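A closer look at the structure
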Amino acid sequence: MTLWEALLFVALPYASITLFVAGHIWRYRHDKFGWTSRSTQLLERRWLAWGSNLFHYGALAAIGGHVVGLLIPEQLTHAVGISEGAYHLFAAAAGTVAGLACVAGFVILVGRRAYFPRIRRTTTWTDVMVYLVLAGIIVLGLIETIGFNTLGSGYNYRPTIGVWFRSLLWLHPEPQLIAGAPLVYQLHATLPWILYAVWPFSRLVHAWSLPWQYVGRPNILYRRRYGLARR
Amino acid sequence: MKVRAQVGMVMNLDKCIGCHTCSVTCKQVWTNRPGTEYVWFNNVETKPGLGYPRRWEDNQKWQGGWKLDRRGRLRLRAGGQLRKLLTIFWNPDLPTIDDYYEPWTYDYHTLIDAPLSERDPVARPQSQLTGRRMDVKWGPNWDDMLAGAPETASQDPDLAGLQEQVKLTYERTFMFYLPRICEHCLNPSCVASCPSGAMYKREEDGIVLVDQEKCRGWRFCVSGCPYKKVYFNHHTGKAEKCTLCYPRIELGLPTVCSETCVGRIRYLGLLLYDADRVREAASEPDEKNLLDAQLSVFLDPADPSVQRQARADGIPDDWIEYAQRSPVYALAHRWRVALPLHPEYRTLPMVWYVPPLSPVVNALEGDGYEADPDQLFPAIDAMRIPLDYLANILAAGDREVVRQALRRLAGMRGYMRKLEVLGVRDQQAAAAASLEPSEIEAMYRLLAVAKYEDRYVVPQAHSEQAQRLAELPGSCGLDFDGGPGNCGALPRPAQGINEAFMVHNRKAGGHRFVPLPVVGSEPGQGR
Ligand code: HEM
Ligand code: SF4
Ligand code: SF4
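Basis of the calculations
- Residues numbered from 1 in each chain as written.
- Chains lettered and ligands numbered in written order.
- Predicted model: local features only at pLDDT ≥ 70, side-chain atom pairs only at ≥ 80, totals over all residues.
- Heavy atoms only, no water.
- Helix = DSSP H or I, 4+ residues; strand = E, 2+ residues; numbered from the N terminus.
- Contact = heavy atoms within 4.5 Å.
- Areas by Shrake-Rupley, 256 points an atom, 1.4 Å probe, with all protein chains shown as cover.
- Lys, Arg positive; Asp, Glu negative; His and termini not counted.
- Charge placed at Lys NZ, Arg CZ, Asp CG, Glu CD.
- Near = heavy atom within 4 Å.
- Polar contact = N/O pair within 3.5 Å; in protein donor to acceptor, adjacent residues only side chain to side chain.
- Nonpolar A, V, L, I, M, F, W, Y, C, P; charged D, E, K, R; others polar.
- Buried area = accessible area lost by both parts, 1.4 Å probe.
- Salt bridge = Lys/Arg side-chain N within 4 Å of Asp/Glu carboxyl O.
- Pairing = 2+ DSSP bridges.
- Core = buried A, V, L, I, M, F, W, Y, C linked by side-chain atoms within 4.5 Å.
- Buried < 20%, exposed > 50% of the residue type's maximum accessible area, 1.4 Å probe, protein only.
- Domains from an automatic or database assignment.
- Axes fitted to C-alpha atoms, helices over the stretch in contact; angles between N-to-C directions.
- Parallel < 35°, antiparallel > 145°, perpendicular 65-115°, else oblique.
- Patch = residues over 30% accessible without salt bridge, like charges linked within 9 Å, V, L, I, M, F, W, Y side chains within 5 Å.
- Phe/Tyr/Trp six-rings, centres within 6.5 Å; stacked < 30°, edge-to-face > 60°.
- Lys NZ or Arg CZ within 6 Å of the ring centre and 35° of its normal.
- Expected span 1.5 Å × (residues − 1).
- Donors = N, O, S within 2.8 Å, 3.2 Å for Na, K, Ca; no water.
- Tetrahedral: all angles 85-135°; square planar, octahedral: opposite > 155°, others 65-115°.

**Quick notes on the overall build of chain A**
When helices and strands are counted, chain A shows nine helices and one strand. Counting helices and strands in the order they occur from the N terminus, chain A gives α-α-α-α-α-α-α-α-α-β. Here the analysis covers contacts within chain A between residues at least 6 apart in sequence; of these, 81% occur between residues at least 24 apart. In the form shown here, chain A has an accessible surface area of approximately 11,900 Å², with 74% of it arising from carbon and sulfur atoms. Charged side chains of chain A number 20 positive and 8 negative; the gap between the two group centres comes to 25 Å.

Structure follows, in structure tokens:
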């Protein structure tokens, strides 16, 4: 294990996870007022219709794919009778669709931010940072999905990167597993840790607020200001 | 029966002079901040006209408010909870800022810094969204007093179906002003539209607010309100709305728009209502019966059984007493001359309007005191402001309701003329208005001569009940970065002191209020 490997594949992930957790606690306790999607739909709606929908549905599908790919061991999918070939085919097809939607949406969103002065004025430095990192992650991911898996011969990351990722969670890091992966894969696995580190301090916190509690909730909510005696 | 109190408002449209003082004073207090430049919690529209935002009344397009589904159940017009979650990344029904107007300022420094020169320097308009120079093409009140009406007024949604009747030619034009604030509805669709549960109605006084710490900027309340009275602060990314000046109301003071109203057209008062019957009333199948349905939700504060239940439900005795003196209850329920704005939206709005009568009377009265009901009543039907137009605004298209209210008002005028000029109490005129003479005189006093204390009958909040809790950490939801402030504890001013307006008194005493817990929802108010 070289020093670089230790830094990138062990230290960075743990530093990032620490910041991620502590940052969210801090943000929630001290800045609930800043916790919002910071919607810009009021200022521009037509580009956003395409950009936001394509990006979000694409990104959420891609995130779902990652959860399956990284957290579920290969043996498990084999055990339930999904062959490596079938898994690979499905992942490449779904990943390509999700990835393309995500990229198209992302390009529209960033283009919109650059093109409309109204929106440009609402952009913060944190936004810029998030867009840069996201751009890197998405482009690398697309090269993998389309370049390696759809057009090329494919690279099975599940026995290497997948196991490395889980080894971080078990607190038994095995960086040598990822050290052998292609460079694109290594980069794609490293950049997100930077994203997680900025996440709690950026607008991305809105992702945790998906208001699922709304489903089944009563329509009208009442609150009481003074503790009046009530029956 | 579950008794709750609500602070309601009535505006007498006959007396609004369209001076916009209410809008300006409201803006100075509440929306004079970055991100709210385009926001007017109070605005005054000229009718006929497009309004603010343009054509807000066209809920075929904006999908605000409620509707009944095929089985007669009350549903948000914009669709249910699942649909909201699926369209959360982009809300199909949201107006853009251009539907309101692009806010602007002027480059005043060109005036201040101008060197001595032959010609006067000019300050040019500058967009408050981009900071760039702009051409002003629309504003919050662009069609004031029918400006541009030949081009725009015919697009007034309330004129739909009336094109034959309404000729917007110069000789036959008509207009009146419609001042608007949030309706603080009994059945607020903004609250129901908010997926985060950040919006709520206060149990004590019915005021509808946005919890700034819980709002996540999903912006469904903005489109969900059929009156377009929730606004998106594009600087903070949170929704904001008229607060009915609750820091003042809690002190027993009228709202800023009422306090400063030049025409003295506004009335504030308590209404007791049966919270258990709100949903039923809003689900009334026939739109034209919604007025009666809403009136039937109001409870008679003089009825001992209502009083007993009100006490059991925690309403303080002085509030019950204030409710009995409520000018809003009198105008809306006792005399039925005030009507709700667009009852067909089914939110059970709580700012009601006395329809304007002046054009008829002015045309007939000419020179003196012959405002005789016998002449006035036929004139109401031939009024320049078509009854059907008023009915589209105030009665879900039911012209009979508007006619009744106008007949009463006209009858009152005829009766009072005779009384003032000839000194006779004309029983016939009273009968024509279908009111007892004593009632007519009371109504006249309230509409024509009422003093400050008679127009604004607002009890103080029982803040001593909050003091106990004031030590707990939290926030009142106004005191955020860039917010209007005012999170101090409420001092109880001596009776009669009206200057105690506290908005500038930020963080007085260092107390912060408890975050308001959600204490529950209506039984039967489920989806
Ligand atoms: C599942 C939960 C999520 C919800 C409900 C959600 C919702 C939203 C909403 C409502 C907006 C504002 C759109 C507008 O301008 O009106 C937004 C913006 C944004 N979201 Fe999400 N989002 C979610 C997850 C995510 C995730 C996982 C990411 C990134 C990895 C993300 C990245 C962004 C970005 C970058 C923007 C800014 C778009 C722009 O204006 O340029 N969101 N989101
Ligand atoms: S008028 Fe006010 S209370 Fe009624 S739906 Fe609109 S914002 Fe909500
Ligand atoms: S201040 Fe009163 S009279 Fe003037 S526009 Fe407002 S409501 Fe009308």
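**Re the site of ligand 1**
Every one of the 22 residues lining ligand 1 counts as a neighbour, but Ser39, Thr40, His56, Tyr131 and His206 of chain A are closest to it. More than a single chain frames ligand 1: its nearby residues are located in chains A and B. Contact between ligand 1 and arginine 113 of chain A: an oxygen atom at 2.8 Å from a side-chain N or O atom of the residue. Listing elements by their share of the shell around ligand 1, those giving two or more residues are helix H2 (46-71) and helix H4 (84-115) of chain A. Class assignment of the residues belonging to the shell around ligand 1 gives a composition of twelve nonpolar, six polar and four charged.

**Some points on the interface of chain B and chain A**
How big an interface is tends to be stated in terms of accessible area lost as the parts join. Contacts between the two partners involve 89 residues from chain B, matched on the other side by 48 residues from chain A. Buried surface at the junction of chain B and chain A, both sides included, amounts to about 6,400 Å², of which 55% is carbon and sulfur. Considering only the side of chain B, the residues that lose the most area to chain A are Phe89, Trp90 and Arg216 of chain B, jointly responsible for 13% of the buried surface there. At the boundary of chain B and chain A, one finds four salt bridges. Counting across the chain B and chain A interface gives 32 residue pairs in polar contact (both at pLDDT 80 or more). Sorting elements by how many residues they give to the side of chain B that touches chain A places helix H3 (residues 81-86) of chain B first, with five residues. Across the side of chain B that touches chain A, the residue classes break down as 41 nonpolar, 24 polar and 24 charged. Where strand S1 (residues 221-223) of chain A meets strand S8 (residues 199-202) of chain B, two bridges bridge the pair, whose relative direction is parallel.

**As for the nonpolar core**
All names here are of chain B. Of all hydrophobic cores here, the largest spans 151 residues; its most connected members are Tyr38, Met199, Phe298, Leu331, Trp335 and Leu406. The element that contributes the greatest number of residues to this core is helix H19 (residues 399-422), accounting for ten residues. Both of domain 1 (7-102 + 138-257) and domain 2 (270-455) provide at least three residues apiece to this core. With residues near it in sequence (within four places) discarded, leucine 331 still touches Val10, Tyr267, Arg336, Val337, Ala338, Leu446 and Leu447.

**Description of the packing of helix H18 (residues 387-394) of chain B against H19 of chain B**
Residues and elements named next belong to chain B. With their axes 8 Å apart at the nearest point, H18 and H19 run at an angle of 105 degrees to one another. When the interaxial angle is binned, H18 and H19 end up roughly perpendicular. The segment H18 lies against H19, with Leu387, Asp388, Leu390 and Ala391 engaging Arg399, Val402, Arg403 and Leu406.

**Details of a nonpolar patch on the surface**
All names here are of chain A. On the surface, Leu60, Ile63, Val67, Val68, Leu71, Ile72, Leu76, Leu169 and Trp170 cluster together into a nonpolar patch covering about 830 Å² of accessible area. Among the secondary structure elements, valine 68 is positioned in helix H2. Since its relative accessible area comes to 35%, valine 68 is described here as partly exposed.

**Description of the packing of aromatic side chains**
Overall, the coordinates contain 34 aromatic pairs over all chains when judged by the stated rule. Their ring planes at 70 degrees and their centres at 6.4 Å tell us that phenylalanine 20 of chain A and tryptophan 199 of chain A sit as a pair that is edge-to-face. On the criterion of sequence distance, the pair formed by phenylalanine 20 of chain A in helix H1 (residues 3-30) and tryptophan 199 of chain A in the loop between helix H9 (183-198) and S1 is long-range, its members being 179 residues apart. Looking at tryptophan 199 of chain A, the relative accessible area reads 12%, which means it is buried. A centroid spacing of 5.1 Å and a plane angle of 90 degrees characterise the contact between tyrosine 452 of chain B and tyrosine 456 of chain B, whose relative ring orientation is edge-to-face. For tyrosine 456 of chain B, a relative accessible area of 7% translates into the label buried. Of the aromatic side chains, those joined through ring pairs into one cluster are Phe9, Phe20, Trp164, Phe165, Trp193, Tyr196, Trp199 and Trp208 of chain A. The residue whose ring lies beneath lysine 84 of chain B is phenylalanine 220 of chain B, and the NZ or CZ to ring-centre distance is 5.8 Å. Taking the ring centre of tryptophan 56 of chain B as reference, the NZ or CZ of arginine 180 of chain B above it sits at 3.6 Å.

**Here's the deal with the pattern of salt bridges**
Counted according to the given criterion, the structure contains 31 salt bridges over all chains. The residue arginine 38 of chain A makes a salt bridge to aspartate 127 of chain A at a minimum N-O spacing of 3.0 Å. Of the two residues, arginine 38 of chain A is situated in the loop between H1 and H2 and aspartate 127 of chain A in helix H6 (residues 125-151); the sequence distance between them amounts to 89 residues. Between arginine 73 of chain B and aspartate 69 of chain B there is a salt bridge; the shortest N-O distance is 3.0 Å. Residue class for arginine 73 of chain B comes out partly exposed when judged on its relative accessible area of 33%. Salt bridges sharing common partners tie together Lys47, Glu57, Asp156 and Asp158 of chain B.

**Quick word on the environment of alanine 6 of chain A**
Its location among the elements puts alanine 6 of chain A in helix H1. Counting along the chain gives 169 residues from alanine 6 of chain A to proline 175 of chain A, while the straight-line C-alpha distance between them is 7.0 Å.

**A closer look at H9 of chain A**
Residues that lie three or four places apart on an α-helix share one face, since the helix turns once every 3.6 residues. Residue and element names in this part refer to chain A. When the terminal C-alpha atoms of H9 are compared, their 24 Å separation across 16 residues agrees well with the 22 Å that a helix rising 1.5 Å per residue should span. Considered for burial, the residues of H9 that qualify are Tyr185, Gln186, His188, Ala189, Thr190, Pro192, Trp193, Leu195, Ala197 and Val198. Contacts from the buried residues of H9 go to H1, H2, H6, helix H7 (158-169) and helix H8 (176-179).

**Quick word on the coordination of the iron atom of ligand 1**
Under ideal tetrahedral coordination, the four donors around a metal are separated by 109.5 degrees; under ideal octahedral coordination, the six donors are separated by 90 or 180 degrees. All names here are of chain A. Donor atoms from the polypeptide that coordinate the iron atom of ligand 1 comprise His56 (NE2) and His206 (NE2), at 1.9 to 2.0 Å from the metal. The site at the iron atom of ligand 1 holds six donor atoms, and with the angles between them running 86 to 179 degrees, its shape is octahedral. Of this pair, histidine 56 sits in helix H2 while histidine 206 is found in the loop between H9 and S1, placing the two residues 150 residues apart along the sequence. Like histidine 56, the residue histidine 206 is buried in the burial classification.

**Focus on H2 of chain A**
Residue and element names in this part refer to chain A. A rise of 1.5 Å per residue sets the reference length of H2, with its 26 residues, at 38 Å; its end C-alpha atoms lie 37 Å apart and thus fit the reference within 8%. Along H2, the residues classified as buried are Leu48, Ala49, Gly51, Ser52, Phe55, His56, Gly58, Ala59, Gly69 and Leu70. Those residues of H2 that are buried lie in contact with H4, H6 and H7.

**Considerations on the pairing of strand S15 (residues 351-354) of chain B**
Residue and element names in this part refer to chain B. Every second residue of S15 is oriented toward a common face, with Val351 and Tyr353 on one face and Trp352 and Val354 on the other, all of them buried. Pairing between strand S1 (residues 3-12) and S15: four bridges, direction parallel. Following the sheet pairing, asparagine 12 is matched in S15 by valine 354. For strand S14 (residues 339-340) and S15, the ladder comprises two bridges, and the chain directions are antiparallel. Counterpart to leucine 339 in the pairing with S15 is tyrosine 353.

**As for the site of ligand 2**
Close to ligand 2 lie Cys182, Glu183, His184, Cys185, Pro188, Ser189, Cys190, Val208, Cys225, Tyr227, Val230 and Lys241 of chain B, which account for all nearby residues. In terms of residue class, the shell around ligand 2 is built from eight nonpolar, two polar and two charged.

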